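Architecture and fold: a report
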Amino acid sequence: MLRLGMTNPPYILDHLEEMAKILAHRRVYSFLHMPVQSGSNSVLADMKREYTVAEFKHVVDFLKQRVPGITIATDVICGFPTETSEDFQGTVDLVRDYKFPSLFINQFYPRPGTPAARMKRLPTEVAKQRTREISKLFQSYKPYDHKVGERQTVLVTEEAHDQQHYVAHNKFYEQVLVPKDESLLGHKIDVVIVSATKHSMEGKLSNALHVPHSPLPPPLTAGEVSGLADTQRQENILVRKQGRQWTIDGPFVRTSLQLLLMCIMSLVVIFYW
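Below or above, wherever it landed, is the structure these notes cover. Here the structure is a predicted model, which is why all the values come from computation and not from measurement.

On to the side chain of Asn8, then. As for its position among the elements, Asn8 is in the segment before helix H1 (9-12). Classification of Asn8 as buried rests on a relative accessible area of 15%. Among the polar contacts made by the side chain of Asn8, one reaches the side chain of Arg49 at a distance of 3.0 Å. Apart from residues no more than four positions distant in its own chain, Asn8 is found in contact with Met34, Pro35, Arg49 and Tyr51.

A few words now on the packing of aromatic side chains. A full pass over the atoms with the stated rule returns six aromatic pairs. Taking the centre distance of 5.7 Å and the plane angle of 85 degrees together, the rings of Phe138 and Tyr141 count as edge-to-face. Take Phe138 and Tyr141: they sit in the same class, and that class is buried. Positioned above the aromatic ring of Tyr141, the side-chain terminus of Lys198 is 3.9 Å from the ring centre.

Turning to the nonpolar core, a few remarks are in order. Leu63 and Ile134 are the most contacted members of the largest nonpolar core, which has 33 residues in total. Elements that contribute at least two residues to this core include exactly helix H2 (16-24), helix H4 (53-66), strand S2 (71-78), helix H5 (85-98) and helix H6 (124-139). Here this core takes six residues from H4, the largest share from any one element. If we ignore the near neighbours within four places in the chain, the residues touching Ile134 are Val76, Cys78, Phe88, Thr91, Val92, Val95, Leu103 and Ile105.

The next subject is H6. Every α-helix winds through 3.6 residues per turn, so residues three or four apart in the chain are directed the same way. Over its 16 residues, H6 runs 23 Å from end to end, which matches the ideal 22 Å to within 8%, given 1.5 Å per residue. Those residues of H6 lying buried are Ala127, Arg130, Thr131, Ile134, Leu137 and Phe138. The arc enclosing the buried residues of H6, seen along the axis, measures out at 125 degrees, which places them on a common side. Looking at the buried positions of H6, the neighbouring elements they touch are S2, H5 and strand S3 (102-107).

Here is what the cut-offs are and how they apply
- Residues numbered from 1 in each chain as written.
- Predicted model: local features only at pLDDT ≥ 70, side-chain atom pairs only at ≥ 80, totals over all residues.
- Heavy atoms only, no water.
- Helix = DSSP H or I, 4+ residues; strand = E, 2+ residues; numbered from the N terminus.
- Buried < 20%, exposed > 50% of the residue type's maximum accessible area, 1.4 Å probe, protein only.
- Polar contact = N/O pair within 3.5 Å; in protein donor to acceptor, adjacent residues only side chain to side chain.
- Contact = heavy atoms within 4.5 Å.
- Phe/Tyr/Trp six-rings, centres within 6.5 Å; stacked < 30°, edge-to-face > 60°.
- Lys NZ or Arg CZ within 6 Å of the ring centre and 35° of its normal.
- Core = buried A, V, L, I, M, F, W, Y, C linked by side-chain atoms within 4.5 Å.
- Expected span 1.5 Å × (residues − 1).
- Arc of directions from axis to C-beta.

Remember, this is a structural readout, not a statement about activity or role.
What follows is the structure, encoded as structure tokens:
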């Protein structure tokens, strides 16, 4: 399974249709980490963020519609120097409306060399209070309780911190703890969700242990070009077996380039001789 890394709204606003197709692919986690940082346009402008709250919402709403169940993770900063009470309330409202299952909450810290480092900071207690308020809101909702009883397909990847379970992830990159059985590691399995916490779920093995999945395509032969249809691939292999070099394979390309380079060198020598 492939997981996309972090991005920002400006980078994908013009490519949402393509992004939705990628995130819906069966071999890609339906998960995206996209920091919003603030629910206030004025604060985003002061942060030099190149997007608005409306653009962030548009990306989230579009992907939620096109990729049902997608997980959107985000970040917020509390106590930015120019953040007013109204600005902070915008961030609170955003978190309350979307109930992000994964939320990284940071109290403002001036990084040396940035414009914000030269701004007058808010009182420390104000920044701490806002951080506590957002944290309390985040802890108030349970994103996985409604999934208890579901049957899910998960990929087992690593040992859990408690050393009593293995960590697995479902299609939406939600963490599912499964029994610590070495035979499961690296495999897709079917589980039934038996319990849920704020940050993860626990799965019990279902009767069908290993999930059948489409077999991987056969490896390419030497010099074969990927992305060709099976019939075209077989024709190319047959041509090579017959000793004809009409396909654009690795050795043919290298030989052609070498001949081309020799011709160019010859022309250069003749021209300057």
